[in-house]
Amino acid sequence: MEPVELNEGSYHLRQLRADRRLDDRPALIEAFADPAHRRYVLNYRVRTLDEATEYIALRLAQWAGDERCSWAVAEPATGRLLGEVGLRELDLVAGYAEAAVWVHPAERRRGIASTALDAALRFGFGPLGLRAVSYRYEESNTDSAAVARRCGFTRIGQEPEPAPTGEPLIRWLRTA
Ligand SMILES: CC(C)(COP(=O)(O)OP(=O)(O)OC[C@H]1O[C@@H](n2cnc3c(N)ncnc32)[C@H](O)[C@@H]1OP(=O)(O)O)[C@@H](O)C(=O)NCCC(=O)NCCS
């Protein structure tokens, strides 16, 4: 599908960009270097401008392939990148996705993740027609648990398989 922009009010949810007007790559590199980010977001390496360019291209390709809807969470007035939110493992036939979110370390604990995920869920349960969205995190990630709670997910319990870190993985679910 074509990427969709969302205007949440406090934040502008748009595609990640690397062009003359707006280059998210330095902020992406900063965020992915943060120890908490590295501990809990394991699938990507974004250490250089080239890796950041690839990351942005991957996200666009995932929109095109109906695999993942993702948004850069940006400050409306300046376009500055604050974080990213997404609906991954997208299955439009089953009406299912899994929530994904991170916030730049300098911008945490002021409600950005919860607000942005709320907007992504409204899009998921509205225009996308999803019926259920999971939220999974490592047990020690208490800020992530707070986001799941604030966004109206219900705690299902521990997954049978641990996370790749060896930590228990906790699953929450929200239905339409
Ligand atoms: C987990 C993560 C996304 C949370 O982002 P965030 O923007 O800080 O989250 P929020 O601010 O929406 O909520 C988290 C906590 O911040 C605090 N908070 C939120 N709004 C606040 C405000 N206005 N004033 C003070 N504290 C606030 C609260 O303690 C909240 O928990 P609570 O609901 O129990 O009170 C962020 O810590 C992160 O990027 N971590 C690294 C990557 C990661 O773990 N991603 C998730 C993988 S599952």
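Residues numbered from 1 in each chain as written. Predicted model: local features only at pLDDT ≥ 70, side-chain atom pairs only at ≥ 80, totals over all residues.

Take the nonpolar core next. Core analysis: the biggest nonpolar cluster contains 42 residues, and Val73, Val85, Val101, Ala116 and Leu117 have the highest contact counts within it. The dominant element in this core, judged by the number of residues it contributes, is helix α4 (residues 112–125), at six residues. The residues touching Ala116, leaving out its near neighbours within four places in the chain, are Glu8, Tyr11, Leu13, Val73, Gly83, Val85 and Val101. (Core = buried A, V, L, I, M, F, W, Y, C linked by C-beta atoms within 7 Å. Buried ≥ 20, exposed ≤ 12 C-beta atoms within 10 Å, placed from the backbone. Helix = DSSP H or I, 4+ residues; strand = E, 2+ residues; numbered from the N terminus. Contact = placed C-beta atoms within 7 Å.)

Residue pairs spaced three or four apart in an α-helix point in one direction, given the helix's 3.6 residues per turn. Given a rise of 1.5 Å per residue, 16 residues ought to cover 22 Å, and the 23 Å separating the end C-alpha atoms of helix α3 (residues 49–64) matches this to within 8%. Inspection of α3 places Ala52, Tyr55, Ile56 and Arg59 among the buried residues, and these make up the whole buried set. Along the axis of α3, the buried positions cluster into a sector of 95 degrees, meaning they face one direction only. In this structure, α3 carries Asp50, Ala57, Ala61 and Ala64 as exposed residues pointing more than 90 degrees from its buried face. Elements in contact with the buried residues of α3: α1 (25–33) and β3 (69–74). Immediately downstream of α3, the backbone of Asp66 shows phi near 55 degrees, a positive value. (Expected span 1.5 Å × (residues − 1). Arc of directions from axis to C-beta.)

A few words on the UniProt feature "domain: N-acetyltransferase" (unreviewed entry) in the protein chain. The sites that carry the UniProt feature "domain: N-acetyltransferase" (unreviewed entry) are, in the present numbering, residues 11–174. Along residues 11–174, the helical share is 33% and the strand share 28%, with 23 Å between the first and last C-alpha atoms. (UniProt positions renumbered as here; feature names shortened; annotations may be inferred.)

What follows deals with the environment of Ala119. Take Ala119: it is sitting in helix α4. Distance from Ala119 to Leu87, taken between C-alpha atoms, is 11 Å for residues 32 residues apart in sequence.

What follows covers α1. Restricting attention to buried positions, one finds in α1 the residues Arg25, Ala27, Leu28 and Ala31. Taken down its axis, α1 places every buried residue within 160 degrees of arc, on the same side. Turned more than 90 degrees away from the buried face of α1 sit Pro26 and Ala33, all of them exposed.

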